[in-house]
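# Fold and contact review
The chain contents come next:
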Amino acid sequence: MAKYRQSKVKRQHHVLRELEPHLRFLSSLPSVDGVIPGTIKPKSGSQMGLSFQYFTPSGLKLIGRSSGAAQEIFVISQQPDQVLEALQNQGFLPKKE
């Protein structure tokens with residue numbers, strides 16, 4: 001097992017406590033090969049939860065927000081559309097109209 005990896009989540013950076021349930025859900029999906037939380041940056045505002053940013057060559061990028069901070073989350077997947085749909089079905093992301 002890799003030095004910083006716990007299940008499918010790479011733990012090289014700290015993780016915002018409010019995002020732990022989201023990361024557990026992502027790592028439980030069979031279409032997800034890995035989850036890499038990025039650096040945490042201070043932000044103003046009280047918006048909480050996940051937002052979809054864009055697809056990457058290896059999966060997709062999300063932004064996780066908690067009160068006063070934001071963290072990049074990279075999801076490694078061969079089927080990023082399925083991951084996005086699962087997040088929407090579970091209510092972690094708003095559904096596209």
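Here, the structure is the one placed above.
What comes next concerns the included structure. (Residues numbered from 1 in each chain as written. Predicted model: local features only at pLDDT ≥ 70, side-chain atom pairs only at ≥ 80, totals over all residues. Heavy atoms only, no water.)

Two side chains bearing opposite charge may form a pair once their charged atoms approach each other closely. Enumeration over the complete set of coordinates arrives at 1 salt bridge. Salt-bridge contacts for Lys61 lead to Glu72; the nearest nitrogen and oxygen are separated by 3.0 Å. Of this pair, Lys61 sits in strand 5 (residues 59-66) while Glu72 sits in strand 6 (residues 69-76); the two residues are 11 residues apart in sequence, bridging distant segments of the chain. For Lys61, a relative accessible area of 10% gives the class buried. According to the relative accessible area criterion, Glu72 is partly exposed, its value standing at 23%. (Salt bridge = Lys/Arg side-chain N within 4 Å of Asp/Glu carboxyl O. Helix = DSSP H or I, 4+ residues; strand = E, 2+ residues; numbered from the N terminus. Buried < 20%, exposed > 50% of the residue type's maximum accessible area, 1.4 Å probe, protein only.)

Right, let's get into the nonpolar core. Formed by 20 residues in total, the largest nonpolar core has its most connected members in Leu26, Leu62, Ile73, Val75, Val83 and Leu87. Breaking this core down by element, the ones donating at least two residues are helix 1 (20-28), strand 5, strand 6 and helix 2 (80-89). Ranked by the residues each element gives to this core, the list is headed by helix 2, at 4 residues. When neighbours within four sequence positions are excluded, Val75 is seen to be in contact with Leu26, Val32, Gly34, Ser58, Gly59, Leu60, Leu62 and Val83. (Core = buried A, V, L, I, M, F, W, Y, C linked by side-chain atoms within 4.5 Å. Contact = heavy atoms within 4.5 Å.)

By the element assignment, Ser31 lies in the loop between helix 1 and strand 3 (34-42). Sequence-distant contacts of Ser31, that is, excluding residues within four places in its chain, are made with Ile76, Ser77, Gln78, Gln79, Gln82 and Val83.

We now examine the side chain of His22. Turning to its location among the elements, His22 is positioned in helix 1. Residues within four places of His22 in sequence aside, it is in contact with Gly49, Leu50 and Phe92.

Once that is clear, we can look at the pairing of strand 5. For strand 5, the tally of buried residues reaches 7 of 8 residues, placing the bulk of the element in the interior. Where strand 4 (residues 49-56) and strand 5 come together, 7 bridges link them in antiparallel fashion. When the sheet's bridge partners are listed, Ser51 is paired in strand 5 with Ile63. Counting the residues that bridge the hairpin from strand 4 to strand 5 gives 2 residues. Taking the residues between adjacent antiparallel strands as the criterion, strand 5 and strand 6 are bridged by 2 residues, where Gly68 takes a positive phi near 90°. (Pairing = 2+ DSSP bridges.)

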